[in-house]
Amino acid sequence: DFPGAKIVLYAVVVLLVLNKIVFNKIQKSSVVKRYMDTQKIFAGLSEDTSVAVANKTSLPIHALIMIDRSDLNISIEPTHYFLFSIDGNGSELESYDLFGRKRGKHTIGPTTIKYTDILGINSFNIEIDTKKEIIVFPNIYQVANMPFKSMQPYGTIKNRIPIFDDPTMIIGLKRSEERR
């Protein structure tokens, strides 16, 4: 009989059971939500998007990896990676910028959460549908501030030859004269 070995064995079993209980609680209580002020942006301008992860248990999360996907037409990278820890009953907000590069309708999301327990035995990946449609509009300029130089800065130049035929002008007929 080795009483020290039994104590160590019982401690390992209790640690594994507690680890599994904590893992299951964290897996069920993680809440992910996307925040955006608007879903319409103009080409060349940036807009901020945020993804929040909330921990609904009183147990802290030691390390959580969040991966958010976005279209390359509105973002610098196709995936944004975030690594953070969350206190018990706390939340973490991560944000990045979207840039309207190409006009049209583009999608950001979904978001994937990856977690591994402290012992490295259990892990989970959850894909949350945080998809949003972003509409990128072309830039709008005032006529006075157009980025192009005027071909006729002093106004329009009159053309001697008409571009289109004028039906009111009769060409090729002579003035009628009285016969004698």
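Right above here is the structure, for reference.
Residues numbered from 1 in each chain as written. Predicted model: local features only at pLDDT ≥ 70, side-chain atom pairs only at ≥ 80, totals over all residues. Heavy atoms only, no water.

Draft legend 1. Representation of the overall build of the chain within the structure. Along the backbone of the chain there are 1 helix and 9 strands. Listed by position from the N terminus, the elements making up the chain come as α-β-β-β-β-β-β-β-β-β. Expressed as a percentage of the 180 residues in the chain, the buried residues total 28%. Surface exposure of the chain reaches about 14000 Å², of which carbon and sulfur atoms provide 57%. (Helix = DSSP H or I, 4+ residues; strand = E, 2+ residues; numbered from the N terminus. Buried < 20%, exposed > 50% of the residue type's maximum accessible area, 1.4 Å probe, protein only. Areas by Shrake-Rupley, 256 points an atom, 1.4 Å probe, with all protein chains shown as cover.)

Draft legend 2. Structural context of the nonpolar core. Counting residues in each nonpolar core, the largest one holds 24 residues, and the members touching the most others are Val-53, Leu-64, Ile-113 and Ile-134. If near-sequence neighbours (up to four positions away) are discounted, Val-53 is found in contact with Val-31, Val-32, Leu-64, Met-66, Phe-84, Ile-86, Gly-90, Ser-91, Glu-92 and Ile-113. (Core = buried A, V, L, I, M, F, W, Y, C linked by side-chain atoms within 4.5 Å. Contact = heavy atoms within 4.5 Å.)

Draft legend 3. Quick look at the pattern of salt bridges. Here the structure, examined in full by the defined rule, presents 1 salt bridge. Here Asp-68 ties to Arg-34 by a salt bridge, and the two come within 2.6 Å at their closest N and O atoms. Of the two residues, Asp-68 sits in strand E4 (residues 61-70) while Arg-34 sits in strand E1 (residues 30-36), which places them 34 residues apart along the sequence. Summarising the burial analysis for this pair, Asp-68 and Arg-34 share the class buried. (Salt bridge = Lys/Arg side-chain N within 4 Å of Asp/Glu carboxyl O.)

Draft legend 4. Summary view of the sheet that holds strand E6 (residues 91-99). Strand order in the open sheet formed by 3 strands is E1-E3-E6, and the pairing between neighbours is antiparallel. Every other strand in the sheet has two partners, leaving E1 and E6 as the edge strands with one partner each. Each neighbouring strand pair of the sheet contributes to a mean axis angle of 20°, computed without reference to strand direction. Pairing analysis gives 7 bridges linking E1 to strand E3 (residues 46-55), with the strands arranged antiparallel. Each bridged residue has a counterpart across the sheet, and for Met-36 the counterpart in E3 is Thr-49. Against the sheet, helix H1 (residues 3-29) contacts E1 and E3, and its axis sits at roughly 30° relative to E1. (Pairing = 2+ DSSP bridges. Axes fitted to C-alpha atoms, helices over the stretch in contact; angles between N-to-C directions.)

Draft legend 5. The arrangement of the pairing of strand E9 (residues 132-137) in detail. The pairing of strand E2 (residues 40-42) with E9 spans 3 bridges and is parallel. Paired with Phe-42 across the bridge in E9 is Phe-137. The pairing of strand E7 (residues 104-116) with E9 spans 5 bridges and is classified as antiparallel. Its bridge partner lying in E9, Lys-105 is registered against Ile-135.

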